[in-house]
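# Working through the structure, step by step
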Amino acid sequence: QVQLVESGGGLVQPGGSLRLSCAASGFTFSTYGMSWYRQAPGKERELVAYINFSGGLTNYLDSVKGRFTISRDNAKNTVYLQMNALKPEDTAVYYCYVNNKGYWGQGTQVTVSS
């Protein structure tokens, strides 16, 4: 069965960095686009970043452009989200998502606070 295991979340000060990982199994990872979403308390889930199957195409939420980088390693069946210059408004639960399959990971909490 499909499994998506996120890791790398935590508490970080404003301006700090975190790297999220999503290890995938149970499907042919290298043939699917992957996304990172986030959901803050009281807000709807929003798309943060997308990467196509090969890694040659990426898209970002305007508010994270220039700060976040999505990447993938198809040999390791893993997608990453490098988050730099973090702001308190980035605080949310972050989820990885398999495009066109509709599978979600369990989420990892990111808290940006001094």
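Just above sits the structure.
Notes on the structure in this doc start here. As the structure is a computational prediction, the values presented were derived from the model and not from experiment. (Residues numbered from 1 in each chain as written. Predicted model: local features only at pLDDT ≥ 70, side-chain atom pairs only at ≥ 80, totals over all residues. Heavy atoms only, no water.)

To continue, consider the pairing of strand E11 (residues 108–112). Residues Thr108, Val110 and Val112 point to one face of E11 and are all buried, whereas Gln109 and Thr111, pointing to the other face, are not buried. Pairing analysis gives three bridges linking strand E2 (residues 10–12) to E11, with the strands arranged parallel. If you follow glycine 10 over to E11, its bridge partner there is valine 110. Sheet topology places strand E9 (residues 92–98) next to E11; three bridges connect them, and they run antiparallel. Paired with tyrosine 94 across the strands is threonine 108, a residue of E11. (Buried < 20%, exposed > 50% of the residue type's maximum accessible area, 1.4 Å probe, protein only. Helix = DSSP H or I, 4+ residues; strand = E, 2+ residues; numbered from the N terminus. Pairing = 2+ DSSP bridges.)

On to unusual backbone geometry. Residues other than glycine seldom take positive phi values, yet asparagine 77 does so here, at roughly 50°. Its location among the elements puts asparagine 77 in the loop between strand E7 (68–73) and strand E8 (78–83). Taking relative accessible area as the criterion, asparagine 77 reaches 27% and is therefore assigned partly exposed. In this structure, asparagine 100 takes a positive phi of about 70° despite not being glycine.

Right, let's talk about the packing of aromatic side chains for a bit. Within the structure shown, the criterion is met by six aromatic pairs. Where tyrosine 37 meets tyrosine 97, the ring centres are 5.5 Å apart and the plane angle is 75°; that geometry is what we call edge-to-face. With a gap of 60 residues between them, tyrosine 37 in strand E4 (residues 34–39) and tyrosine 97 in strand E9 connect regions that are remote in the sequence. Taken as a pair, tyrosine 37 and tyrosine 97 share a single burial class, namely buried. When the centroid spacing of 4.9 Å and the interplanar angle of 65° are considered together, the rings of tyrosine 37 and tryptophan 104 count as edge-to-face. With tyrosine 37 in strand E4 and tryptophan 104 in strand E10 (residues 103–104), this pair connects stretches of sequence that are 67 residues apart. The class of tyrosine 37 is buried, set by a relative accessible area of 19%. Through a chain of ring-to-ring contacts, three or more aromatic side chains come together here, namely Tyr37, Tyr95, Tyr97 and Trp104. The lysine or arginine in question, arginine 72, covers the ring of phenylalanine 29, its NZ or CZ lying 4.3 Å from the ring centre. (Phe/Tyr/Trp six-rings, centres within 6.5 Å; stacked < 30°, edge-to-face > 60°. Lys NZ or Arg CZ within 6 Å of the ring centre and 35° of its normal.)

Our focus in this paragraph is the pairing of E8. With five of six residues buried, E8 is to be regarded as a mostly interior element. Strand direction decides the pairing type here: strand E3 (residues 18–25) and E8, joined by six bridges, are antiparallel. The residue of E8 that forms the bridge with cysteine 22 is valine 79. Linking E7 back to E8 in an antiparallel pair, the connection comprises four residues, with asparagine 77 at a positive phi of about 50°.

Purely geometric stuff here, so don't read any function into it on its own.
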